[in-house]
Amino acid sequence: MWKVDELLPYRLGGLLYTPALNTGIVKKIRDRAYPALTALAFCLEDSIQDAALPQAEQALAESLTALAGAPSRPLLFVRVRTPRHLERVHRLLGDREDILTGYILPKFDLSNGEEYVRLVKAFNEGRSTPLYMMPTLESGMIAEPGSRTSMLLRVKRILDSLRGCVLNVRVGGNDFCNLYGLRRSVHQSIYDIGVIRDILMDILQVLSADYVVSGPVWEYFGTDPRGPWAEGLRAELALDRLNGFVGKTAVHPVQLPVICQELRVSREDYEDARQILGWSGEGLGVARSAKGSRMNEVKCHTKWAERICKLAEVYGVREEGEA
């Protein structure tokens, strides 16, 4: 059974989606045009019209061939459409699949989850390193309020059957919004939309104790790093972090530095996390925090501390007063 590298799910940062037809991204990667780019998804699903799918698949194959010789590259993923499409892309890519970190599996639910898992398990037979999957929860079946919790528990059991290959669980915020004909403005967060907030909270409640779950896409971008789009992104990232999401889906490269900056941990959190993980309380289970302004309790805060230290190792520590 595979075991996920404990830091790898945290290294995704802002996962940048690009249509597989975007062959220009290869030069950007080679030229290191986006220093904050840690992970890239070539999308063959919603960003590609049905008639253009064969062209996009060929472009994907060519891009991966070109990137195979790149001196450095981000973690690479391919977003497919269905289990049958996953199987077709797997055959198409052949050895080129070796530079992939894994596949993104859209609209993952009870209708396709077991088939997705069967295929990923088959792909991994004989491999020295795992080919990961990142299921995306975004379908109407997941959103259905009357059966949501039981549905999510059944989905979790499917994921648990191949847990070592589940790198990250993703959520489709825009897909959920589309079910209800809703859309947030640049001055609002996804948490302001009550029906969507409830879906996201249920997903976190069932899955975040055992899996890293990534935050929903922020669809706004611009040229001014202090503009409303960036302020809105920072505000939503703060709420993501508070509620248990790690990382975020990005739709434009300008979002990446903001996401990476917000994934840094505060000096106070970092020092408290280190205190908790290196506990020496001489029989006591509680102590003053590093700044003396809150209580640290080893039995209650250990899992939080582990997450903080992983984020600090990957993204660094934000000093007091630093933007």
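Here the structure is shown first, and the text comes after it.
It should be emphasised that the depicted structure is a prediction, and the values quoted were computed from it without experimental measurement. (Residues numbered from 1 in each chain as written. Predicted model: local features only at pLDDT ≥ 70, side-chain atom pairs only at ≥ 80, totals over all residues. Heavy atoms only, no water.)

Details of empty space enclosed by the protein
Using the criterion set out here, one finds 1 cavity of 30 Å³ or more in the structure. Volume-wise, the largest cavity comes out at about 50 Å³. Along the walls of the largest cavity sit P9, Y10, L12, G13, L15, N168, R170, S214, V246, G247 and K248, which together make up its complete lining. Grouping the amino acids of the lining of the largest cavity by side-chain chemistry returns 5 nonpolar, 4 polar and 2 charged. (1 Å grid on protein atoms, 1.4 Å probe; cavity = no way out; pocket = protein on both sides within 12 Å on 5 of 7 lines; lining within 4 Å. Points joined across faces, edges and corners; volume = space filled by probe spheres on them. Nonpolar A, V, L, I, M, F, W, Y, C, P; charged D, E, K, R; others polar.)

As for helix 3 (residues 83-93)
Looking only at helix 3, the buried set comprises P83, H85, L86, V89 and L93. Considered in projection along helix 3, the buried side chains sweep an arc of 155 degrees and stay on one side of the axis. For helix 3, the exposed residues set more than 90 degrees away from the buried face come down to R84 and R91. Buried residues along helix 3 sit in contact with helix 2 (53-67), strand 3 (75-79), strand 4 (102-105) and helix 4 (113-123). At the exit of helix 3 stands G94, carrying a positive phi of roughly 55 degrees. (Buried < 20%, exposed > 50% of the residue type's maximum accessible area, 1.4 Å probe, protein only. Helix = DSSP H or I, 4+ residues; strand = E, 2+ residues; numbered from the N terminus. Arc of directions from axis to C-beta. Contact = heavy atoms within 4.5 Å.)

Quick look at the pairing of strand 5 (residues 132-137)
Counting buried residues in strand 5 gives 6 out of 6 residues, a clear majority hidden from the surface. Every second residue of strand 5 is oriented toward a common face, with Y132, M134 and T136 on one face and M133, P135 and L137 on the other, all of them buried. Bridge analysis of strand 4 against strand 5 gives 4 bridges, and the strand direction is parallel. Within the sheet, the bridge partner assigned to G102 lies in strand 5 and is Y132. Tracing the backbone out of strand 4, into helix 4 and back to the parallel element strand 5 gives a crossover that is right-handed. Judged from the 2 bridges that link them, strand 5 and strand 6 (residues 169-171) form a sheet pairing that is parallel. Pairing of T136 across the sheet is with R170, part of strand 6. (Pairing = 2+ DSSP bridges. Right-handed = clockwise from strand over helix to strand, strands pointing away.)

Some points on the nonpolar core
Grouped burial of nonpolar side chains is what soluble globular proteins tend to show. With 90 residues, the main nonpolar core has Y103 and I203 as its most contacted residues. Formed by 13 residues, the second largest nonpolar core is a distinct cluster that contains L8, A41, I104 and L167. (Core = buried A, V, L, I, M, F, W, Y, C linked by side-chain atoms within 4.5 Å.)

Looking at the environment of P130
Mapped onto the fold, P130 is located in the loop between helix 4 and strand 5. Given the relative accessible area of 14%, P130 is considered buried. Residues P130 and T101, 29 residues apart in the sequence, show an inter-C-alpha distance of 8.0 Å.

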